[in-house]
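# Working through the structure, step by step
Spelled out from the first residue to the last, the chains are:
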Amino acid sequence: FWVQAFTLVHCFDTNSTSTLYIVAMASDKVLTMEEVAKHNTKEDCWVVLYGKAYDLTKFAKVHPGGAKLITDAAGMDATAIFDPIHPKDIMDKLLKPSLTMGVVDAATIKPEHVAKPPEAHKPKPKKKAVKADAAEEEVEEFKKPPLAAMLNSFDFESVAREVMEPQAWGYYSSGGDDEITLRDNHLAFQRITMRPRILVNVREIDMTTKILNVPAALPLYFTATALAKLAHQEGELAIVKAAKKADVPYMLPTLSSYTLDEMLAARTPDQVVFSQLYVNPERSRSEEYVAKLEKAGVQALFVTVDAPQLGRREKDMRNKFTQQGSDVQGDEEEEGGVDRSQGATRAISSYIDPGLNWEDVPWLKKITSMKVLLKGVQCAEDAVMAFKAGLSGCVLSNHGGRQLDTCRPGIEVLPEVMEALKEAGATKETFAVFIDGGVRRGGDIFKAVALGAQACGVGRPVLYSLASYGQNGIVRMVHMLQDELQMVMRLAGTPNIPSITEKHVITTNLADHIVPLPVDNLTMKTYQGLEPAAKL
């Protein structure tokens, strides 16, 4: 049956003795918890969140935290375990309206209907040490070094690995398949060598620049990363505030832990932000979201184009396997040989449209007056097509090495893209090119700018510094990159950003992946390798 659901908001006018009542109405099907509880299997999985019942049968298969976290709550109210990580509006934002089954009568929700947190999400127990006499003794927990001891971005990563929950660390740190691209994203910068000039007046170094006409302290922005609450309770709110303090733009993520309204409210009145977009198959959902962004003054829209299907992140998958048992992905193989990859493709299409193509670009431009850029371009041909389609720019990115393994780092793709764009008639003013992936040093930023990038995006360093020291950690991480960039600019003979050119770097070996390199100890000692099943 269908009824009108009424919400009564009581507002008191402090300037008079009158009381104002605002009534909002929404037409929803009202369900009892007993009705929801009937849908309690992997094949028929309804979950209650914030008073609404959703059919998450397909979505569970591509849930970043693993299907079991959702299917274990089938037929139950999972609000208590959902709220610490996700925003309240994420299901309404991502799922088709048809998957919202109705509003649940709160009076029918009993204690036995409330899902309990899984063991993997409970606080870590203190470590135990065994003495020679076999008596157990509590060992002092990891002693986090002071923030002042952080000297580079790798330091934050090493601390984050110790303080984060195993599943959260696995989700953030994992890459696609053998993680070759994940590692090469940073190593590629080392295949570019410096070509400094001498006797240049570098008494004053000016690192300031503009990113899509937005002033920034240096050619750096915080790129969109999902579920920042996995790192820190303040999540994206802390990143918004840190971006302001560091004077760099932040690209708001679609898959955030806080709602869009909450992230926007965390801005200062003069703060400019960008936004990332996963295009929803239900285009009206994307149109509503984009309209909300534009109304809020967001300056640019970065449309992710490299994720028509999620990559296989085995470190993340293996971690979920050991934490949750063998039912992380379900037992489809044992139940009849179902093609699991097709199931994942179908499931992800419920919130990220795998059919997005060049014919949709006019629609993207039509629904907003914001600058529209493509995030995830990996070759010159696509960059030129984006330029000819009238877009404002692109990000050369491989999704942090989390999608197609053995594809090239953004910094490696950059020279061919800049050359092709120049031949096509594009200029840095008419079409902005950015890169992300593997940026860990101020020298990396210098090299990207020298090869034509307007700025670099950083993702994991933001999350790791947030997990380690909160908002202040992020700000310190940026300041360290500034210090490094200032030193590199001075030693290279470049007093300001416009003076950095391709003549200051040598890229002869950039595309040659068999060049012997010195061992990068910081990378090797912070990188956590994949483990085969026999080692677990």
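Each value, and the rule that gives it
- Residues numbered from 1 in each chain as written.
- Predicted model: local features only at pLDDT ≥ 70, side-chain atom pairs only at ≥ 80, totals over all residues.
- Heavy atoms only, no water.
- UniProt positions renumbered as here; feature names shortened; annotations may be inferred.
- Axes fitted to C-alpha atoms, helices over the stretch in contact; angles between N-to-C directions.
- Helix = DSSP H or I, 4+ residues; strand = E, 2+ residues; numbered from the N terminus.
- Parallel < 35°, antiparallel > 145°, perpendicular 65-115°, else oblique.
- Left-handed = near helix turned anticlockwise from the far one by under 90°.
- Contact = heavy atoms within 4.5 Å.
- Nonpolar A, V, L, I, M, F, W, Y, C, P; charged D, E, K, R; others polar.
- Phe/Tyr/Trp six-rings, centres within 6.5 Å; stacked < 30°, edge-to-face > 60°.
- Buried < 20%, exposed > 50% of the residue type's maximum accessible area, 1.4 Å probe, protein only.
- Polar contact = N/O pair within 3.5 Å; in protein donor to acceptor, adjacent residues only side chain to side chain.
- Expected span 1.5 Å × (residues − 1).
- Bend = angle between axes of the 7 residues up to and from the residue.
- Pairing = 2+ DSSP bridges.
- Salt bridge = Lys/Arg side-chain N within 4 Å of Asp/Glu carboxyl O.
- Disulfide = S-S within 2.5 Å.

Checking UniProt for the protein, the heading Cofactor (unreviewed entry) contains the comment "FMN".

This part covers the packing of helix α16 (residues 442-450) against helix α17 (residues 460-492). Packing of α16 against α17 leaves a shortest axis separation of 7 Å and a crossing angle of 55°. Our classification of the angle between α16 and α17 gives oblique. α17 is crossed by α16, and the crossing has right-handed handedness. Residue-level inspection shows G442, G443, I445 and F446 of α16 in contact with α17, the latter providing L481, E484, L485, V488, M489 and A492. Tallied by class, the residues present in the contact of α16 with α17 amount to seven nonpolar, two polar and one charged.

Here the focus is the packing of aromatic side chains. As enumerated under the stated definition, the model contains 10 aromatic pairs in all. When the ring of F156 is compared with that of Y469, the centres are 6.0 Å apart and the planes differ by 80°; the resulting orientation is edge-to-face. In this pair, F156 is assigned in helix α5 (residues 153-163) and Y469 in helix α17, connecting sequence segments 313 residues apart. For the ring pair Y221 and F302, a centre distance of 6.4 Å and an interplane angle of 25° mean the geometry is stacked. Here Y221 is found in strand β12 (residues 220-222), whereas its partner F302 is found in strand β15 (residues 300-304), with 81 residues between them in sequence. Pair check on accessibility: Y221 and F302 agree, each one buried.

Inspection of the secondary structure puts H39 in the loop between α1 (33-37) and β3 (46-49). At 2.7 Å, the side chain of H39 forms a polar contact with the side chain of D44. Every residue in contact with H39, bar those within four places of it in the chain, is listed here: D44, C45, W46, A74 and G75.

It is worth spelling out helix α15 (residues 410-424) at this point. Think of an α-helix as 3.6 residues a turn; residues three or four steps apart then line up on the same face. With 15 residues, α15 ought to run about 21 Å at 1.5 Å a step, and its terminal C-alpha atoms sit 20 Å apart, in line with that. Where α15 bends most, the angle comes to about 25°, and this point is E416. Those residues of α15 that sit buried are G410, I411, E412, V413, L414, V417, M418, A420 and L421. Where α15 is buried, its residues meet α7 (180-190), α14 (380-388), β17 (393-396), β18 (432-436) and α16. With its phi angle positive at about 95°, G425 sits one or two positions after the end of α15.

The next point concerns the sheet that holds strand β13 (residues 251-252). If you trace the eight strands from one edge of the open sheet to the other, you get β12-β19-β18-β17-β16-β15-β14-β13, paired in parallel fashion. With partners counted over all chains shown, the strands left at the sheet margins are β12 and β13, one partner each. Contacts from α17 reach β12 and β19 (455-458), with the element oriented near 165° to β12.

Before going further, it helps to spend a moment on the packing of α5 against α17. Contact pair α5 / α17: the axes reach a minimum separation of 10 Å and the direction vectors enclose 175°. By the angle between their axes, α5 is roughly antiparallel relative to α17. On the side of α5, the interface is formed by S153, F156, E157, V159, A160 and V163, while α17 contributes Y464, S465, A467, S468, Y469, G473, R476, M477 and M480. Its residues assigned to classes, the contact of α5 with α17 shows nine nonpolar, four polar and two charged.

Relative to the helices and strands, T181 resides in helix α7. Among the residues examined, T181 registers a relative accessible area of 1% and is labelled buried. As a C-alpha pair, T181 and G400 span 219 residues in sequence and 8.2 Å in three-dimensional space. Residues in contact with T181, not counting those within four places in the same chain, are N398, G401, L404, D405, T406 and C407.

Applying the stated criterion to the full structure yields 11 salt bridges. D72 is the partner of K68 in a salt bridge, and the nearest nitrogen-oxygen pair spans 2.9 Å. Across the salt bridge formed by R191 and D184, the nearest N and O atoms sit 2.8 Å from each other. Residue class for R191 comes out buried when judged on its relative accessible area of 6%.

Moving on: the state of the cysteines. Counting across every chain of the model gives zero disulfides. Cysteine C379 remains unbridged, with the sulfur of C394 as its closest cysteine sulfur at 9.9 Å. According to the relative accessible area criterion, C394 is buried, its value standing at 0%.

Turning our attention to unusual backbone geometry. Phi is positive for E179, close to 60°, though the residue is something other than glycine. When its relative accessible area of 0% is taken as the criterion, E179 is described as buried. Within the chain, L212 stands out as a residue other than glycine whose phi angle is a positive 55°. In this structure, L212 sits in the loop between β10 (209-211) and β11 (214-216).

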